[in-house]
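Each chain, letter by letter, is given below.
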Amino acid sequence: MRRFTILVNRVHQSTVDNFEDLKLYHEECAGYSVIIKRLSPQAFSLKCKRCKREIIVKDNANGNIPIMQTAVDGEPRQFNHELAKEKVKVKE
């Protein structure tokens, strides 16, 4: 199974209102941007503009919250623990 490593720009905590406001990138596609789409109140779709690979991220502490935390503190971490254990890192 191919990885889906997310790169995220650092942001200040006071500027993070919604998950959809973050700028995400797909590391395996040399940093192509990722489209965030809300599928339901409990889930988001993250789709790479280049390879069209799509993953589902839940709106919970194992899904989108680790991505938001990495955007604020710069610490790499895993997300989607119960699904695929993907990684998120800060874009440099």
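This text follows the structure it describes.
Residues numbered from 1 in each chain as written. Predicted model: local features only at pLDDT ≥ 70, side-chain atom pairs only at ≥ 80, totals over all residues. Heavy atoms only, no water.

Another aspect to go through is a positive patch on the surface. A surface patch of like charges, here positive, comprises Lys 23, Lys 37, Lys 47, Lys 49 and Lys 52. With respect to the element layout, Lys 37 can be found in strand 3 (residues 32–40). (Patch = residues over 30% accessible without salt bridge, like charges linked within 9 Å, V, L, I, M, F, W, Y side chains within 5 Å. Areas by Shrake-Rupley, 256 points an atom, 1.4 Å probe, with all protein chains shown as cover. Salt bridge = Lys/Arg side-chain N within 4 Å of Asp/Glu carboxyl O. Lys, Arg positive; Asp, Glu negative; His and termini not counted. Charge placed at Lys NZ, Arg CZ, Asp CG, Glu CD. Helix = DSSP H or I, 4+ residues; strand = E, 2+ residues; numbered from the N terminus.)

Next up on the list: the pairing of strand 5 (residues 54–58). On strand 5, burial follows the alternation: Ile 55 and Val 57 on one face are buried, whereas Glu 54, Ile 56 and Lys 58 on the facing-out side are not. Where strand 4 (residues 43–48) and strand 5 come together, five bridges link them in antiparallel fashion. From the neighbouring strand, Leu 46 faces strand 5, where its bridge partner is Ile 55. In this antiparallel pair of consecutive strands, strand 4 and strand 5, the connection spans five residues, and Lys 52 shows a positive phi of 65 degrees. (Buried < 20%, exposed > 50% of the residue type's maximum accessible area, 1.4 Å probe, protein only. Pairing = 2+ DSSP bridges.)

Let us look at unusual backbone geometry. Located in the positive-phi region is Ala 30, a residue other than glycine, with phi close to 60 degrees. Structurally, Ala 30 can be placed in the loop between strand 2 (24–26) and strand 3. Relative accessible area serves as the criterion here: at 70%, Ala 30 is assigned to the exposed category. Within the chain, Lys 52 stands out as a residue other than glycine whose phi angle is a positive 65 degrees. Classification of Lys 52 as exposed rests on a relative accessible area of 51%.

On to the sheet that holds strand 3. Each strand in a sheet pairs with another by means of backbone hydrogen bonds, the pair being arranged parallel or else antiparallel. Sheet architecture is open: seven strands sit in the order 5-4-3-2-1-7-6, paired in mixed fashion. Across the chains shown, the open sheet's two edge strands, defined by having one partner strand only, are strand 5 and strand 6 (77–79). Going across the sheet, the axis of each strand differs from the next one's by a mean of 35 degrees, ignoring polarity. Relative to strand 3, strand 2 runs antiparallel, the two sharing two bridges. Bridge assignment links His 26 to a residue of strand 3, and that residue is Tyr 32. Relative to strand 6, helix 1 (residues 64–73) is tilted by about 155 degrees, and along the sheet it contacts strand 1 (6–8), strand 2, strand 4, strand 5, strand 6 and strand 7 (86–90). (Axes fitted to C-alpha atoms, helices over the stretch in contact; angles between N-to-C directions. Contact = heavy atoms within 4.5 Å.)

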